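# Fold and contact review
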Amino acid sequence: MQRRSLLRAAGASALVTAAPFVRAQGSLQKFKFNLGWKVEASGAGFLLAQQRGYYKDVGLEVAIDTGNGSASAISLVGSGAYDCASADLATMIEFNVNNPTAGLKAVAIQYDLNPNAILVRKGGPIAKPADLAGKSILGQPFNASRKLFPAFAKAQGFDPSGVKWENVAPDIGDTRFVKGDFDASAYFFFTGLLNLKARGMGPEQITVFRFSDHGMKSYGNGLVANAKSMQEQGDTMKAFVKASTRGWIEAIADPKAGAGAIKTREPLANEEIEFERLKLIVDGTMKTPDTRSNGWGAATTARLQATIDETVGAFGLKSSPAVADLWTERFLPLAADRKLKA
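Let's shift gears to the overall build of the chain. When helices and strands are tallied, the chain shows 17 helices and 10 strands. Here the chain holds 342 residues, and the buried ones make up 52% of them. At a minimum sequence separation of 6, the contacts of the chain that also span at least 24 residues come to 80%. Entry remark: accessible area of the chain is about 15500 Å², with carbon and sulfur atoms responsible for 53%.

Now the structure itself:
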């Protein structure tokens, strides 16, 4: 009798202990996030945060969906279909200027250095950016590298109007570029290098003109949120940014873990390629003096203003927004929680 009483007491105690966890699980706040692209290294930090339960740790149930580029992701956030997305800040600025009531803002910076670039054959006729004048470049109209090209050309002192843009689907275009049909290709550098490598053109055969190496100071992708989510779900947004920051800091410190999270989410992904891509992203856009000083996700007023100025000039926008219309830091975690690992 005494043993049965002890067992019943132990069982009751277990239920009392478990009940708060069950209630917590049932009260997770739903949050919708768009990667802005397919499942690959550009989303590693978010997927690692999800895999390791960091979103649940802060009370969120986050749906992470694939996207079709920044323009599409921003439209989806603007419509309220998603609370937040990874998207190019220049494209967000253009959207806000064309939709004055949209009120989209970046709540964290993902790529401290802009990954937009032009890729050319090493040893060919294009030895410096100014040699691109009058040449043929692969790049679709929605391609961010193509849209920002006028600002890049201006920084290099040549007229971009003579360039012939080749609007060819990326997979077909990559093959044709390797064959020599085009003089150059416009891409995020980490996408272009690996796409061309898969078609037999290794990095040793390519010269990369990264916009950030040639006079441009714009930020790249940021976490873009809509006004309603920021105003009505401020605590939820703050929790999302905090958990995402934790995920990216760990992906930066351990790219193999980041690549593993990609493989877990997308079994058909090539883990080795995504590991290589993630290292390019980390070393080329995230491990920067500003990020080491200010932490992942932070921004400076000077760089934000440069992002606005370069975007307005390149896109020919009818107005120039203020920094406060582009960015808010109120959702960032404490500086100690943003610091990169040694």
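Tallying each qualifying case throughout the model produces 14 salt bridges. For the salt bridge of arginine 303 with aspartate 112, the shortest nitrogen-to-oxygen distance reads 3.7 Å. Of this pair, arginine 303 sits in helix 15 (residues 301-315) while aspartate 112 sits in the loop between strand 4 (105-109) and strand 5 (116-121), placing them 191 residues apart in sequence. Assigned by exposure class, arginine 303 and aspartate 112 land together as buried.

Read from one edge of the open sheet, 5 strands run 2-1-3-10-4, paired in mixed fashion. The strands lining the two open edges of the sheet, one partner per strand, are strand 2 (60-65) and strand 4. Strand-to-strand twist across the sheet, computed as the mean angle between neighbouring axes with direction ignored, equals 30 degrees. Pairing of strand 1 (residues 29-34) with strand 2 involves 6 bridges; the strand directions are parallel. In the strand pairing of strand 2, phenylalanine 33 is matched with isoleucine 64. Lying on the sheet, helix 5 (residues 89-98) is in contact with strand 3 (84-88), strand 4 and strand 10 (221-225); it crosses strand 3 at an angle near 105 degrees.

Another aspect to go through is the packing of aromatic side chains. Enumeration according to the criterion identifies 14 aromatic pairs in this entry. Considering the side-chain rings of phenylalanine 33 and phenylalanine 240, the 5.1 Å spacing of their centres and the 45 degrees angle between planes classify their relative orientation as tilted. Here the residue phenylalanine 33 occupies a position in strand 1, and phenylalanine 240 occupies one in helix 11 (residues 234-253), the gap between them amounting to 207 residues. Judged by relative accessible area, which is 0%, phenylalanine 33 ranks as buried. These aromatic residues form a ring-pair network of at least three members: Phe31, Phe33, Phe46, Tyr55, Phe240, Trp248 and Trp296. The ring centre of tyrosine 54 lies 3.7 Å from the NZ or CZ of arginine 246, which sits over that ring.

This part takes up the nonpolar core. One finds Phe33, Tyr55, Ile118, Leu132, Phe149, Phe240 and Trp248 to be the most contacted residues of the largest nonpolar core, which totals 103 residues. Sorting elements by how many residues they give to this core places helix 11 first, with 9 residues. Dropping the residues within four chain positions of it, tryptophan 248 is found in contact with Ala41, Ser42, Gly43, Ala44, Gly45, Phe46, Gln110, Leu278, Met286 and Trp296.

This part covers helix 4 (residues 70-79). Within helix 4, burial applies to Ser70, Ala73, Ile74 and Val77. When helix 4 is viewed along its axis, its buried side chains cluster within an angular range of 95 degrees and face the same direction. Buried-residue contacts for helix 4 involve strand 1, strand 3, helix 5 and strand 10.

Quick notes on the rules
- Residues numbered from 1 in each chain as written.
- Predicted model: local features only at pLDDT ≥ 70, side-chain atom pairs only at ≥ 80, totals over all residues.
- Heavy atoms only, no water.
- Helix = DSSP H or I, 4+ residues; strand = E, 2+ residues; numbered from the N terminus.
- Buried < 20%, exposed > 50% of the residue type's maximum accessible area, 1.4 Å probe, protein only.
- Contact = heavy atoms within 4.5 Å.
- Areas by Shrake-Rupley, 256 points an atom, 1.4 Å probe, with all protein chains shown as cover.
- Salt bridge = Lys/Arg side-chain N within 4 Å of Asp/Glu carboxyl O.
- Pairing = 2+ DSSP bridges.
- Axes fitted to C-alpha atoms, helices over the stretch in contact; angles between N-to-C directions.
- Phe/Tyr/Trp six-rings, centres within 6.5 Å; stacked < 30°, edge-to-face > 60°.
- Lys NZ or Arg CZ within 6 Å of the ring centre and 35° of its normal.
- Core = buried A, V, L, I, M, F, W, Y, C linked by side-chain atoms within 4.5 Å.
- Arc of directions from axis to C-beta.

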